[in-house]
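# Remarks on the overall topology
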Amino acid sequence: MGCAPSIHVSQSGVIYCRDSDESNSPRHTTSVSQGPAAPLPGLFVQTDAADAIPPSRASGPPGAARVRRARAELGSCSSTDSAAPAATTCRGRRRHCCSSAEAETQTNYSNVKQVSSAEVRIGPMRLTQDPVQVLLIFAKEDSQSDGFWWACDRAGYRCSIARTPESALECFLDKHHEIIVIDHRQARNFDAEAVCRSIRATNLSEHTVILAVVSQASGDHEEASVLPLLHAGFNRRFMENSSIIACYNELIQIEHGEVRSQFKLRACNSVFTALDHCHEAIEITSDEHVIQYVNPAFERMMGYHKGELLGKELAELPKSDKNRADLLDTINTCIRKGKEWQGVYYAKRKSGDSIQQHVKITPVIGQGGKIRHFVSLKKLCCTTDNNKQLHKIHRDSGDNSQTESHSFRYKNRRRESIDVKSISSRGSDAPSLQNRRYPSMARIHSMTIEAPITKDGLRRLSGNEYVFTKNVHQSHSHLAMPITINDVPPCIAQLLDNEESWEFNIFELEAVTHKRPLVYLGLKVFSRFGVCEFLRCSETTLRAWLQVIEANYHSSNAYHNSTHAADVLHATAFFLGKERVKGSLDQLDEVAALIAATVHDVDHPGRTNSFLCNAGSELAVLYNDTAVLESHHTALAFQLTVKDSKCNIFKNIDRNHYRTLRQAIIDMVLATEMTKHFEHVNKFVNSINKPMASEIEGSEYECNPTGKNFPENQILIKRMMIKCADVANPCRPLDLCIEWAGRISEEYFAQTDEEKRQGLPVVMPVFDRNTCSIPKSQISFIDYFITDMFDAWDAFAHLPALMQHLANNYKHWKTLDDMKCKSLRLPSDS
């Protein structure tokens, strides 16, 4: 007669099997300590709860007593004739361990399958739901964990047990459980809420139900609120009750409620995939005609980006004047009655062109028999004008449907990203993967923040205060784009009056410009330095160029967005105003520096070069794992610029000037790559600082040091200037410094989360949102990179105010670190 043996994972990762009627000495069955799939210590991995018995049940009388209690409570008596040897599964490796045991420990597997398999329908779709997987996270085995174990056994669920937070996360990432039960009764074993947050930080947990087991409230204490549990990421609370029936009822209710609902929602992804690949343009609106969804075919047809449309009413969009006056009223009258409407309709593309469409609008009836949505299918009519528009649409968007070689396919993607007419007013900040300009980079570009920050000082980030999901041009109705610097709205002009000061608050400009600070600051700074006069281009062309560049920054990035670009532009302009810098560079150098600062992080995906290389991204392959992002920033910037004459700021300068300017811009942007940081600083110190110090010591007068105007030294000065501007955050006033520290920490937290989800090497392990000390990270960054570089730059450019801010900020972080505070500020200051 076969029994269901127990398994145990030792500290070394070796699985042992104990038979219920033998001694406690383990019988070695198999090892999983080798290879990447070895479980962490503290992980009890079990696929089918019916396949095994927890360790305490399989050794000695206590386990036998629990078996008898389980049998009495469950009423599961199978005949010994039907008992079959159990199979224990760990990480997909199946081993059969057979031994004698009591007949009552057997599980009727046919009953289990009847309970655990389910057919689910969602609309016309017919789905089969696999057996539910449950993860129990209990530091120690007790009657409560036993209750849930045997409840899973009866329900036919596949169950795993984890003893530590680390093993729990690894097990979840491996098996993707539908239900997780976390012991929240005692904090001394582990922080249950922290465990829940770490699981919620993964994309995989979106459809997982997490249950908190809490202690029974004593008679003289008021029952605690569930809000803290909900905020931590739990879905439900279970009052401590070791009764197997109570645990069984709870799990069954969850399965038939939340789990089944989440299963249906997951199935909807296939529907959206079909819509996204459909050649017909599809638009879904609410019953009030608010746009809720458009597919990529709609975006291509109309020239809009999804982020510009979602949440807007149809009435807000421009209308073609080619339709007869009463057509809209006719359509609304028809669909409001629940009837489908079909006909020809003229629509206006974003470019202003009118196109003729065959349109079918279908009302969708929802709860209560009311109309909940309208679904519109749109096709271009085959007219001469439309054929021209169709050709234009395909030319603008590119056609990736054909099978092509790897390299040619990448060229097409790059071509898609540089269509000025479509990109100049669309961002890459929508969280949906399908909206990225680089389809192959969707996995990297879709890094929206999906979990709240656990640090006190960063808690406000959990509401996406700094994660902008609105398109940068969505607020056109609130803020008109200026034609020239003289047309800037008064509220923005007043802020820009202070842009020459180091104390200038870029975040105020970000807010008042609706997250488009680069265009406005760029117009002001470039005007002050006479860039248009030097390039012989109009302010209209400059404005169009700034708009295109800003549209290609990802506002979904916490840090590397257009606000960072504007901040670096401001710092560069400030440095160019310093006497010694001004005396060392000519106007071409100044123009090159301002342009380089503007474009230096364009299309940054919010991930580091190391991440892209480890992930094997196409950009890393293209640039041979060397200065991947910096090379991409410059290449894309020039492609965007020269693609359309309307924004080509270089179109009127001669070939030699253009080549010199281009080389200077490329050199400065590549200098921002940090692997050569110390090389750049050492060259600057040896070639600029030391000769200058020697000449000053030998003269009473501070005249221009010999050699600093040599071309090779001008290159070193420009490199040092943009490097300092790029990482000048620690030298900003304290409030600005703290804000930047929060943003860069959140972006690094998101990268670490992504690396863990994908099983990639963790490039910056200190930036784990659950353990990171932000003050320590800032102190290390200042000590390692900032102090020596700014000492050298200050010796050349004379920046006493910046060095004072640096000292003050360092003191702030040091104070927090001494007080063991891991957040941006002390809790009392938040």
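Residues numbered from 1 in each chain as written. Predicted model: local features only at pLDDT ≥ 70, side-chain atom pairs only at ≥ 80, totals over all residues. Heavy atoms only, no water.

## Some thoughts on the overall build of the protein
- Looking only at helices and strands, one finds 31 helices and 18 strands in the protein.
- Scored against the burial criterion, the 830 residues of the protein give a buried share of 55%.
- Restricting the contact set of the protein to residue pairs at least 6 apart, pairs at least 24 apart contribute 71%. (Helix = DSSP H or I, 4+ residues; strand = E, 2+ residues; numbered from the N terminus. Buried < 20%, exposed > 50% of the residue type's maximum accessible area, 1.4 Å probe, protein only. Contact = heavy atoms within 4.5 Å.)

## What to know about the pattern of salt bridges
- Tallied over the full model, the rule gives 24 salt bridges.
- Between Lys776 and Asp817 there is a salt bridge; the shortest N-O distance is 3.1 Å. Placement of the pair is Lys776 in helix H30 (residues 774-797) and Asp817 in helix H31 (residues 800-818), with a sequence separation of 41 residues.
- Its relative accessible area of 46% is what places Lys776 among the partly exposed residues.
- Take Asp817: its relative accessible area is 14%, and that puts it in the buried class.
- Through salt bridges with shared partners, a single network forms among Asp142, Asp183, Arg185 and Glu240. (Salt bridge = Lys/Arg side-chain N within 4 Å of Asp/Glu carboxyl O.)

## What about the environment of Arg154?
- In this fold, Arg154 is placed in helix H3 (residues 143-155).
- With a relative accessible area of 33%, Arg154 lands in the partly exposed category.
- C-alpha separation for the pair Arg154 and Ile244, spaced 90 residues apart in sequence, amounts to 9.2 Å.

## What about the pairing of strand E14 (residues 281-286)?
- Of all the six residues making up E14, six are buried; the element is thus mostly covered by neighbouring parts of the structure.
- Residues Ala281, Glu283 and Thr285 of E14 are buried on one face, and the alternating residues Ile282, Ile284 and Ser286, pointing to the opposite face, are buried as well.
- Two elements, E14 and strand E18 (residues 371-380), share six bridges in a ladder whose sense is antiparallel. Bridge pairing links Ala281 to Lys378 in E18. (Pairing = 2+ DSSP bridges.)

## Some words on the packing of aromatic side chains
- Taken as a whole, this structure holds 21 aromatic pairs when the rule is applied.
- Judged by centre distance (5.6 Å) and plane angle (75°), the ring pair of Phe575 and Trp793 falls under edge-to-face. Pair noted here: Phe575 is in helix H20 (residues 562-576) and Trp793 is in helix H30, with a separation of 218 residues, a long-range link. Grouping residues by exposure puts Phe575 and Trp793 together as buried.
- Plain terms: the ring middles of Phe749 and Phe767 are 6.2 Å apart, the flat faces sit at 55° to each other, and that makes the pair tilted. Remark: Phe767 occurs in the loop between helix H29 (734-758) and H30 and Phe749 occurs in helix H29; sequence separation between them is 18 residues. (Phe/Tyr/Trp six-rings, centres within 6.5 Å; stacked < 30°, edge-to-face > 60°.)

## Some thoughts on the environment of Arg743
- On the secondary structure map, Arg743 appears in helix H29.
- Considering only alpha carbons, one finds Arg743 and Asn557, 186 residues apart in sequence, at a separation of 8.8 Å.
- Among the polar contacts made by the side chain of Arg743, one reaches the side chain of Glu510 at a distance of 3.0 Å. (Polar contact = N/O pair within 3.5 Å; in protein donor to acceptor, adjacent residues only side chain to side chain.)

## A short note on unusual backbone geometry
- Positioned with a positive phi, His514 is a non-glycine residue whose angle comes to about 55°.
- Structurally, His514 is set in the loop between helix H16 (506-512) and helix H17 (517-528).
- The residue Asn624 is not glycine, and still its phi comes out positive at about 55°.
- Note that Asn624 resides in the loop between helix H24 (618-622) and helix H25 (628-643).

## Some details on the side chain of Ser773
- Mapped onto the secondary structure, Ser773 falls in the loop between H29 and H30.
- Classification of Ser773 by relative accessible area gives buried; the value is 11%.
- Contacts of Ser773, omitting those with residues within four sequence positions, involve Asp817, Cys821 and Lys822.

## A look at the environment of Leu670
- Along the chain, Leu670 turns up in helix H26 (residues 655-671).
- Residues Leu670 and His633 lie 37 residues apart in sequence; the distance between their C-alpha atoms is 9.0 Å.
- Not counting residues within four places of it along the chain, the set of residues in contact with Leu670 comprises Ala627, Glu630 and Ser631.

## Re the packing of helix H22 (residues 587-599) against H26
- Packing of H22 against H26 leaves a shortest axis separation of 9 Å and a crossing angle of 50°. The angle between the axes of H22 and H26 places the two elements in the oblique class. Here H22 and H26 pass one another in a crossing that is right-handed. Touching Leu588, Asp589, Val591, Ala592, Ala593, Ile595, Ala596 and Val599 of H22 are His657, Thr660, Leu661, Ala664, Ile665, Met668 and Val669, all from H26. (Axes fitted to C-alpha atoms, helices over the stretch in contact; angles between N-to-C directions. Parallel < 35°, antiparallel > 145°, perpendicular 65-115°, else oblique. Left-handed = near helix turned anticlockwise from the far one by under 90°.)

## Observations regarding the confidence of the model for the protein
- Scored by pLDDT, the protein has a mean of 77; 71% of the residues are at 70 or more.
- This stretch, residues 1-116, has a pLDDT under 50; its non-local contacts, to residues over four places away or in other chains, come to 229 contacts.
- This stretch, residues 700-706, has a pLDDT under 50; its non-local contacts, to residues over four places away or in other chains, come to six contacts. (pLDDT = per-residue confidence, 0-100.)

## Here's the deal with the nonpolar core
- Of all hydrophobic cores here, the largest spans 108 residues; its most connected members are Leu535, Phe575 and Trp793.
- Ranked by residues supplied to this core, first place goes to H30 with eleven residues.
- Excluding residues within four positions of it along the chain, Trp793 makes contact with Phe575, Val581, Phe684, Ile717, Met720, Met721, Cys724, His798 and Leu799. (Core = buried A, V, L, I, M, F, W, Y, C linked by side-chain atoms within 4.5 Å.)

## A closer look at the sheet that holds strand E16 (residues 341-348)
- Overall, antiparallel pairing links the five strands, which are arranged E15-E14-E18-E17-E16 in an open sheet. The open sheet has two free edges, formed respectively by strand E15 (291-294) and E16, since each of these has just one partner strand. Averaged over all neighbouring strand pairs, the angle between strand axes comes to 30°, with direction disregarded.
- Examined bridge by bridge, E14 and E15 share three bridges and lie antiparallel to one another.

## Details of a nonpolar patch on the surface
- On the surface, a nonpolar cluster with roughly 240 Å² of combined accessible area is contributed by Val226, Leu227 and Leu230.
- Take Val226: it is sitting in the loop between strand E12 (209-214) and helix H6 (227-232).
- Of the residues examined, Val226 reaches a relative accessible area of 33% and is grouped as partly exposed. (Patch = residues over 30% accessible without salt bridge, like charges linked within 9 Å, V, L, I, M, F, W, Y side chains within 5 Å. Areas by Shrake-Rupley, 256 points an atom, 1.4 Å probe, with all protein chains shown as cover.)

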